Every structure is written in structure tokens, then in C-alpha cells.
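# Secondary and tertiary structure notes
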Amino acid sequence: MPKAGAAQAARVTIRPHRSYRTLRVSRVSWLGSAVTLPIGVLLAYAALLVLWPRATAWMSALLAQSTPITRNVPDNFLFIASTVPIPNLPPLSVFGALDVAGLCAAAILLAGFYAKKNAPLPLWIIGNLIVLLITALWAFFEGRAGYDGPTYMLLLERTSVIMILCSPIFAVVVAALLPFTLLERVTLFTLLIALDFFMSVLRLAVFALILTHTGVILETNLYLFLGPLIDVVYFIAVYSLVVVSLSRRLARTEDAWEWL
Amino acid sequence: MVVALNAWLTVVIALMSIYTIRHWVFTFSRVYGKQRMSFSDAYEEHPPSVTVLVPMHNEEKVAEACLDALLASEYPKDQLEIVAIDDQSADATNDILHAYIERHPQVKILTMAGPERGKANALNVALESVQSDFVLVFDADYTPGRGLIRTLINAFVDPEVGAVMGRVVPRNTSRSLLTRLLSMERAGGYQVDQQARYNFNLLPQYGGTVGGFRRRMLAELGGFDPHALAEDTELTAKIFQHGWKIVYDNRAECYEEVPEAWESRFKQLRRWSRGHNRVLWSHLFGLVTAPVLTIPQRIDAALLMLCYAVPPILLSGWLAAIALFLLGRLPYVGGVTLAFAVVLYNAFGNFAPVYQVATAEVLDGSTTRLLLLPYLFYMFPFNTWAITTGFIDAVGDIVKSRRGRWDKTARVGNAP
Amino acid sequence: MTPVEIGLYLLYALVVALPLLPGLLELRAGDDDDPLKIDASYARDPRFLGKSMRAKVEPIVDATHGEARVQFLNRKNEFALITDAYRSPDRVRFDDIVLSRGDFHVGDRSVMLDVYARGDVAVGAYAQVRTLAAGRNARFGSRLSVVRWIDVEGDCTIGDAADLGQSVAASKRLVIGAGVRFSRLFGRPISVIDGRRAELHALSAGPLLARASGARRLVKTLTLDPGARIEDDVVAAGDVELLPGAVIAGSLKAGGTVTLRANACVVGNIVARETVTLEADAMVLGHIFGDLDVVLHAGALVGDRHAPKTIHASRAVRIAPEACIFGWLIAERGGQTTAKDSPA
């Protein structure tokens, strides 16, 4: 039989329809994925052990020098040391809470009127106003709401630590669904942990400052809506960047398409 | 009190985790697993007779494009009947249809006189005069390709198959943020979710359009509930309870028009939720105890039926979290896991989490549109609230034994 | 508020908005906002490859007279030799695509790129071809190797031990030899070496062909006695066996294997989650869809002269000599015809 020429030997380049498309992943990639999990968690933990104490101490010092926040407390959570800024919470005024509740109710009505289109942004605002209203009413009837300053900040700080440690786990689980390269995986981890780290330290300072001005009334909104939840948007954003890279790469590699 | 709140929060997080794992497994199967093919390859020179029903209510902007597309089908003309059902349109739909049949006498019109209105009722009335063995249904904003009818009909090669469902592809993606996000949700819902459920021999859903059923089977099942707001989900539940199967054909793609305005999408989602939750009430028990279903199928049935009840359950979980916070008793880890559970849920507009949407888009060959993934988070309160209001409507319907009202999704009619 | 405080607020707002920025840029640029492209003209056709090649090549052939050499479509480094007819000795190696207005004949051990001929095609043994479309009949010797596909507008005969690439389709009769490997075949009929035995058998089975009324019968497993007949569609949770001469007048769905013993018949379709086996002279007049293998023994028949059907195996297909299929045969993981003297 004659030997096949270059043209004959060329791969069949007919692209099957997307309906039938599946992706291939090499064993090396799978192994890489499996190894990434413990490495990712260990790296995140190491970063926290080394950098978290310095970053929180630096931020607390900055706040003490240039803002109304002058108090901080040390913490040690999962052997990770930190310096947590403590807001000077103004005393809770029961009638002040009632005022806030009234204002919230009025704002909800107003937003409800303008939010007839049921669009996401008005619903976000209304959702936050409802939580604020509930908090204010709770404060009015119970005389307290949420946590005192140090406990709240420790809750926030420890939640941030857990979020940073959990990020690699979720990254590995989600990244296992697509054939990412090692570079893409490293990019995902590095960006995710770096941004989450930076965001967490900044959030500690900003929330302490906000609570110094507003008191406990905003604690619920900050923690449950504008706190660690935002980290997951980060996660999705970083994930979307590497997925775009992957998709472009696959588009250039016809081998990714399997012919039925 | 604290114990009860913590327990409820745990239940909610567990439920979210179950859905998250389910969708992860689905996605994994779709990407790497062996794909179960439908019957697209069936070569048939003498296909069976088929009737295509197109229910229309105020469809003046889209009616002609849909009928044009159907008439362009390569399906043998002597085996194809097209019936446009004018369901008491208040706009020019009826005039347009009559002018249309002047030019194309092979299309038939059925004009509904009332007093009942709604898609399920219109289909029941139309089915009374249908003689074909198989019936396909397209909404009026759909534009099927030449080979689509044959592709769908091929599914009935299998005598166990009672209904078939194709893939819905939005055509007005570029119009707004909403249409682009809906396009991504659709991709996740069909390219991954439906195909994976078909791969696993679970319960792919009949979606009420770009699909069809055996006429004889529907007669056996007693037709559609004329008051159903989600006649597709109702039929899905009945099909599986009676030992029939639904085929999902990922290759049977058809353009549709997705809502371009938030208000319109809100109404659509609310109606779906209302209809779906009524089906949940009437068919959940029957499905999970159906002897013809396997254990995995029963679990899938429960999760499928509960999917429009999840947002109100999630909302109650949030309220529990707020209460625990105000009591000063929110556990550290509780806050984190709740956040993750919620966000992984957040893309459930069409019941597809972020990673499922992303995977579907990769399979579709999309690139930079994936950068919009974080905006699915933006949809979270919108979807949650729309579905919750539909859930409340359904509870009211069940308690008061009242009928739901059919809210028409507004059409724009901007075919590419 | 101190400047540091204001700076922190602004930085935080910026950082919170950061994840939405790439999406915002994409939203404004609209680089990837087109709807998914659906080919509205798409219709399933087993001869799609051949027809689409003809549609592209015919204008090129019509536009030239006599012998010519032109660049082929937009392919770099590929040229087409256009000729009235082509005939060559053995061992010829083509560097060009060949477009013939008449016949195309090459001898043994020839190596070809794409070939299009309006007339008959004859190719010797041990040949290799990338793509071939014939306007009339085609005959290939043994040990043929196809890189992509062959499409023949007439009868097509292929010798033993060939490797048929992705697809071979003929508008009329496709006869293939023993030991042939294939993925997709289309013919009216496809027969292995000689399918007359099966065709004659089908002609004598006229009374069987009345289709059932369409009622559905649910069973766990089924063994149908010799000569017995079921008029309905059958849906079985497990295995189904039709003993010699048994008939199902409707379609059959099985959660397990399906075995048709000698002379058994299914008038409708067979859909099975496991292997489908048609023993000697068994007949299926509808489609066969098997989630595992499909095995056809000598004299087995699938489809009908006037109504070609499909065999689709998610795994492999094995066909014995004297089996015959009217229509399309798809073996996702490859198929093979068996040797003359061995059973399937």
C-alpha cells in the first residue's frame, strides 16, 4: 500500500455541530486539577499566615492616624493573627431607630412607586431598605440589634478569613468542569486570592468607618448584603476572565471538536 | 427560637447544596460524558402526518414570520398541516392571519370565540379537529428552520416516547443587558441541563414550544388542563407518571424572541412560577410515588417540581439569617456558606448556575459574552422576587380554588 | 471626614465595581452579542457531503474547456486538474485534485486527493483516496483506504478489506466486501458481498408488512414464541427475544438486549438500550437504534426497498455476508463486515 502523503494524512477538519460538542481533558490536566486543591488551600493559608497580620496591622495603624477610629483589638483565628479595627459605635437611640424605620418605609414606598418596572436595581435598593427597616424596628422594640463593635468586626474578619480559605476549593470544583491549562488555573487562583485578600482588608476598614458614623443600624445590611457576598461576584468575574481565555483557545484548536 | 432558626437555615443551605451538586454533575456529564443522541439520524422518506399548532394572542408583530418559516419546511406538504389559532387577539392578528391564508391556503385558521382564554384551552380546542398522529406546537415568536419539523418528528421512532423537545435559542440577544443575560440562561438550561437530564435518563422537560407529542397519548392523558398556566410542565408530569418518555433533541434548534423589558420578563417569570407551583401541588406526590419511575427519576422529578419553590424557600432562609444576626447568634461559618449557597443559586433564572451557563457558552463557541457572567448576580433579587410573587399567587389559587389569569408576554418582532 | 477616610470610601467603591467592569466594556462594545447562528436551511441528508461538493465543483468544471489546471476554491497550495476523462496505469500519485467531465479510471496502488467525475469511476486495489464523488457508477478494488468520504450517484461496489473513512454513500446499490471497516454507509440497499438472499426473503414476507394499530403494550421482559404475533407496539423494561418466525407488527422498545432469531420479524422500529442482534434471515422493516452494538447475521434484512431506514449503533456494527440494509447505517465507534465464512 502506498504511503499516505501529507494531504491524505491531514486530519478531517469537518466541524460537527455544537449540539454534539464535548471537550477532552488529558489525564495530566486531571492530575493537575487534583493537585491544585491542596496546593491552593495551602497557598491561601500561607498567604494569610504571612500577609494577613501585616496587612491588618498596617490598615489599623493608618486608621488610627488619619480617621476617627483609634481602637483595635488583636485576634487569632485558625492560628492566623490579625489586628482588627473597632468602630466607635454611637449609642443606639430608640427613637432614632424609629426615625430610620419611618424614613425606610417612606423610601420603600417611593422606590416601589418608581420601581414599577420591577427592574433589578430598584429591587436591590428596596431589598436593602427592607432589611434596614427590619433592623430599625428590631432596635426600637428590643433596644438592641446585631452585635457590639468588637464582636461584629471579629465576625467580619473571621468570615473574610474563611472566604479566602474556601475560594480555592470552589475554584477547583468549578475549574474541573472545563479543560483549563495550568496557566489558566494559576491565573484563576492567584487573581482570586489576591483580589479577595485586598478586598477583605479594605472592607474591614471601610465598614468600621461606616459604623462609626451610623451605629449598629447598618450592621445587618453591611454583613449580609454588602459584605462577603460581594466576594463571590469577584469569584465569578475572575472565573469569567479565564473562561474567555479558554473559549478562545478552544476556538483555535479544532481538535476540541469531536466528530460523531 | 435560635435553634429553630439555625435548623431552618441549615435546611435551606442543604437544599441549595443539593441543587448545586446536581447541576455540577449535569455539567460534568455534558462536557466530558457520552452524549445520548436523539433520533435525528433516522432517515425517513415517508414521514408520518403531522399537525403544527401555533397558538396566537396579540401576535401581529411576529405571526407572519412564524408561518413563513413553517411553510418553508422541507417536510412533505401532503403530510403537513399548519393551524394558526387566534386566541381572541385584540390587535390586528386576526386580520393578518386572514390576509395570510388568502395567499397561502394551506394554512388553516382556528378562531377562538371565548369565553375561556389561554394556551392550554386553545390547544385542547384545536386538538379536537386534528387527525394527524403527531402534533407539534410553536409559539408565534418562533421561526423554525427547514428541517426542524422532521428532526423533531424523528423522536417518535421510539414507541416509548410521548413527547419531544428542541432547543430554544434567543434571536434578539443584542438588544439589551436583559436579552443578553437571558440568552446565557437559555444556553445553560438547554445546552447543558436538558441534555444532561436526557443523558442520565432522567426527566427532560417538555417546554410547550419547539416540541410536540403523540396525539393518541395526549388523549389518553385527558388533554391539557384548560386552566393551566404551565401546560408544558403539567404535560411533563403526566407523561412521566404514565410511563411515557420525553426526548430532548439538542440539534433541533429554533429561534425565539426573549423579553426585552424587565417588566415583561417579570410577568413572564411570575406566570411560569405560578403555573409551575400549581403543578407542583397537584403532581409532586404522583411523580415521586409513580411505580414506573426509577429512584433517580423520582428524585429528579422532586427537584424539577420544586425548582420554582426554591426562591421563596431561599428568601425564608435569608429572613432566618437576618433574625439570627439581629439576635447576635449568626454562626461564623453560617454567614459564609449562606453567601456561597445564595450566589451559586443566583443564576437560576432559567435554573442554571454560573458554571453551567459558562460551560454551555463554551460549548456554543462564545467568547467575550462570558464577561457578562457577574451580571447574573444582578438578576438575583429580580428572579427571586418574581418567582416568589408567582409562588404566592399559586398558593392563593390553591387556597381559594381560583383560576389563574394568562399574562401575555409582549412581543417586539425584530427578526434578524 | 478626613482625606484618608474619603480615599478609602472611593477605593472601596472602585473595588466593588471592578468585577462588573469587563462586562460593561463588552456590553458597550458588543463584540459577542450576535445570536447563535442557526442554519435555517439545514436538513438531515446522508448524502450531504457529496451534494455539497458537487454544488461547489460543478461551476468550476462548467467554466473551463479541455484540460486546465486552476487553484481549487480558496484552498492554498491545492490545485485542480480539469479534464474530459482520466485514465492512468497503476501506482499513480496525484498532487492535484482531479475534476473529470467523463470517466475516471486508475489502477492499483494509486494515491488520490479529491476526485470528482461526472462519469463512471474505477479504482484498482490498494488505492487511497481522500474524497471522491462519482456522477455514475463506481467500482473499487480490495484494500481501498478512504481518508474522508465517497459519494456515488449510482451503484457502488467496494472490494474486501477496505477502510471506508467517515462515509460512503450511493444513491443506488452499495455492495461491500468482507472485512471492510466503516463509519457511515448509505445505499439502496447496502449489501455485503451479495444481499439477494435477504431481498428475496423480504419479497416473500408480504403479509407480514401490515403495520399495527399503534396501541402500546408494557412488559418487563418478553420471549415471543415461535410463529407468535403481537399487533401492538411493545415497550419492555428488560430483554426481548423473538423466537424463530415470531412477529411484532408494531415498534419495539427494550431496556435490555433485543434478539431476533431466524426468520423473526419486527415490522416497526427497534430501539434498545443494549445490543440488537438479527440472526439469519431475521427482518426489521423500520429503524434500529441501539445504545450498544448492532449485529446482523447472514440474510438479515433492515428497511424496505420503498422505505429506506436507519441503523444507528452508539457503539459498533457487525454485518455478516448476505445481510442487506435499505438506507443509512451509522456506527459511532466503527463497524465491520465479517469474513465470508464466519458468522457475525
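In this text, all values refer to a predicted model and were calculated from it rather than measured experimentally. Per chain, residues are indexed from 1 in the order of the written sequence. As they are written, the chains are lettered A onward and the ligands numbered 1 onward, keeping that order. Local features in this predicted model are restricted to residues of pLDDT 70 or higher, and side-chain atom pairs are both shown and tallied only at a pLDDT of 80 or more, whereas totals for entire chains, interfaces and linings draw on every residue.

## Examining the pairing of strand β6 (residues 111-117) of chain C
Residue and element names in this part refer to chain C.
- With C-beta atoms placed from the backbone, a residue is labelled by how many other C-beta atoms lie within 10 Å of its own: buried for 20 or more, exposed for 12 or fewer, partly exposed between the two. Secondary structure counts use DSSP, requiring at least four H or I residues in a row for a helix and at least two E residues in a row for a strand, with both numbered from the N terminus. For β6, the tally of buried residues reaches seven of seven residues, placing the bulk of the element in the interior.
- Sheet analysis places strand β4 (residues 97-100) next to β6, joined by three bridges and oriented parallel. Across the sheet, the residue bridging to Ser100 is Ala117, located in β6. Here, any two strands with at least 2 DSSP bridges between them count as paired.

## Things to note about the interface of chain B and chain A
- Facing the 45 residues of chain B at the interface are 51 residues of chain A.
- Those elements that provide at least two residues to the side of chain B that touches chain A are α1 (2-32), β7 (245-256), α9 (262-288), α11 (310-326), α12 (332-346), α13 (354-363), α14 (375-378) and α15 (380-400) of chain B.
- Looking at the side of chain B that touches chain A element by element, the count peaks at seven residues for α12(B).
- When grouped by side-chain class, the residues that make up the side of chain B that touches chain A number 32 nonpolar, ten polar and three charged. Here, residues touch in the contact sense if the C-beta positions derived from the backbone fall within 7 Å of one another. All amino acids are sorted into three groups, where Ala, Val, Leu, Ile, Met, Phe, Trp, Tyr, Cys and Pro are nonpolar, Asp, Glu, Lys and Arg are charged, and the leftover types, Gly among them, are polar.

## What to know about the nonpolar core
- Core analysis: the largest hydrophobic core is formed by 312 residues, its most contacted members being Ala208(A), Cys66(B), Val168(C) and Ala323(C).
- Of all the elements, helix α8 (residues 228-252) of chain A adds the most residues to this core, at 15 residues.
- Apart from the residues lying within four places of it in its own chain, the contact partners of Val168(C) are Val146(C), Trp149(C), Ile150(C), Cys156(C), Leu174(C), Phe182(C) and Leu185(C). Buried Ala, Val, Leu, Ile, Met, Phe, Trp, Tyr and Cys residues whose C-beta atoms connect them within 7 Å together make up a nonpolar core.

## As for the domain arrangement of chain A
All names here are of chain A.
- Note that the domain bounds reflect an automated or database-derived domain assignment. Examined at the domain level, chain A breaks down into domain 1 (36-87 + 149-253) and domain 2 (93-144).
- Once you take the C-alpha centre of each, domain 1 and domain 2 turn out to be 29 Å apart.
- In this assembly, five residues from domain 1 lie in contact with eight residues from domain 2.
- Grouping the constituent residues of the side of domain 1 that touches domain 2 by class yields three nonpolar, two polar and no charged.

## With respect to the sheet that holds strand β6 (residues 211-214) of chain B
All names here are of chain B.
- On the basis of which strands lie adjacent, the open sheet formed by seven strands has the order β3-β2-β1-β4-β6-β5-β7 and mixed pairing. Two strands in the sheet have a free side with no partner beyond their single neighbour: β3 (107-111) and β7. Shown here is a sheet whose adjacent strand axes are inclined to one another by a mean of 25 degrees, direction ignored.
- Relative to β6, strand β4 (residues 134-137) runs antiparallel, the two sharing four bridges. Each residue of the ladder has a partner; that of Val137, found in β6, is Gly211.
- Helix axes use the C-alpha atoms of the stretch in contact, all axes being lines fitted to C-alpha atoms, and the angles between their N-to-C directions lie in the range 0 to 180 degrees. Against the sheet, helix α3 (residues 93-103) makes contact with β1 (50-56), β2 (80-86) and β3, and its axis sits at roughly 150 degrees relative to β3, the strand it touches most.
- Where helix α6 (residues 177-199) meets the sheet, its contacts fall on β5 (161-170) and β7, and the angle it forms with β5 comes to roughly 150 degrees.

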